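# Summary of the model geometry
For reference, the chains in residue letters:
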Amino acid sequence: MNEQLNDHRRLGRELAIFDTDPLVGSGLPYWLPAGAAIRKAVEDYVHELERRNGYQHVNSPVLGKRELYERSGHWAHYAEDMFPPMRVGGEEFVLRPSLCPHHALIYRSRPRSHRDLPFRVAELGGMYRSELSGVLGGLTRVRAIQLNDGHVFCAPEDAAAEASAALDLIEAAHAQLGIGAARYRLSLRGDGAKFVDDPAMWARSEAILRDVLRERGRVYDEERGEGAFYGPKIDVQITDPAGRESTLSTVQVDLYQPERFDLGYAGGRRPVMVHRSVVGGLERLVAHLIEVHGGAFPAWLAPVQAVVLPLSDAELPAGREVLRRCVAAGLRAELAAPGRGSLGARIRAHRLVPYQLVVGPREAVSGAFSVRLRGGEQAGEVAVEELARRSRPVF
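Computed from a predicted model, the values in this text were never measured in an experiment. (Residues numbered from 1 in each chain as written. Predicted model: local features only at pLDDT ≥ 70, side-chain atom pairs only at ≥ 80, totals over all residues. Heavy atoms only, no water.)

The subject of this paragraph is the packing of helix α2 (residues 33-52) against helix α6 (residues 159-177). The geometry of α2 relative to α6 is characterised by a closest axis approach of 11 Å and an angle of 145° between their N-to-C directions. Crossing geometry of α2 relative to α6 is assigned as right-handed. Between α2 and α6, the residues in contact are V42, Y45 and L49 and L169, A172, A173, Q176 and L177, respectively. Residues belonging to the contact of α2 with α6 are distributed by class as follows: 7 nonpolar, 1 polar and no charged. (Axes fitted to C-alpha atoms, helices over the stretch in contact; angles between N-to-C directions. Helix = DSSP H or I, 4+ residues; strand = E, 2+ residues; numbered from the N terminus. Left-handed = near helix turned anticlockwise from the far one by under 90°. Contact = heavy atoms within 4.5 Å. Nonpolar A, V, L, I, M, F, W, Y, C, P; charged D, E, K, R; others polar.)

A few words on the nonpolar core. Membership of the largest hydrophobic core comes to 80 residues, with the highest contact counts inside it found for L177, I234, V279, L285 and L301. In terms of residues, this core owes the most to one element, α6, which gives 8 residues. The contacts of V279, once residues within four sequence positions are left out, are V42, V46, N148, A173, L177, L248, S249 and L285. (Core = buried A, V, L, I, M, F, W, Y, C linked by side-chain atoms within 4.5 Å. Buried < 20%, exposed > 50% of the residue type's maximum accessible area, 1.4 Å probe, protein only.)

The next subject is the sheet that holds strand β6 (residues 91-95). Strand order across the open sheet formed by 3 strands is β4-β6-β5, with antiparallel pairing between neighbours. Where the open sheet ends on each side, the last strands, each with one partner, are β4 (63-65) and β5 (86-88). Taken over all neighbouring pairs, the strand axes of this sheet differ in orientation by 40° on average, direction set aside. (Pairing = 2+ DSSP bridges.)

None of the figures reported here should be taken as evidence of function without further support.
What follows is the structure, encoded as structure tokens:
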């Protein structure tokens, strides 16, 4: 892969996927219509994948009182990465650095028995990191992150099975997205005040994750100092075209926050909190997808899935009807009218669109269209409903 050609910062702006503005600020990109379409396709896919696997979806505020993060441990161990508090009416509020404290409170909001477990919740929510300007870049290092996050509250004896099931979801999603993991990393505690000082707790959590990786036959590397402040994690690592490595998806075992929030079930028993992110932050994910696919996204992800190409003005009314049918069937489609150039020029302008629907005189009479694939292959006449089926993810 040509690194410069597929650099997401250049290609993402060329394809009108995202942009930035100094008036908004560094590390705060905004999504243009094409990027919003990709993002929505990912959101819908992951939402359905989670729903099919027993998750209930929730929504929680992007702010919390300082006391919330003191309770969760973020204030003591993670404050340097958080935005400073905002004082409102004598109280201090903080942009959240993660979603897990809110999900712990959602669990705590009702009495739980052993029959309620495992209790699986998921959310696509905003979280905020006070990154320095010098490390920000494109979509890969940002200050506002839309995180695909989820938490499983389960009995201790079920923690390994739930962590392994989370890896099943991660690997299924990566296959659907066309992502290959560079390696698996078991991220452990390091030295210093960044990490909760409870060796016995860490040893229990680490043992669970090691067992999961070994049972799955996954080769992995252990790295100290890369764990979360409250516990170890399995990181699924990816690499960009330049060979730079980053973490996309994670599974974590947390014995710390259930105690901090006094979470319980069935007569005072303490659940384990399994954190998992199937596709990570959408900003980093889309940056990687741009570079992996070079803008030629799989049909289910493509910002425009079908472009209608009337051969001449005479076929324009028939082309508009084909467009209407495509949109009604759920396709992201647009019309490239003859006034925008020759058929060849319009095909070249839409070279990244998976399906190019040519409407000539014969098709205009019959109400059909001829499908030209992105690579130049001719697929003949295909029903709109079949194109819509081909343009959906597979579960």
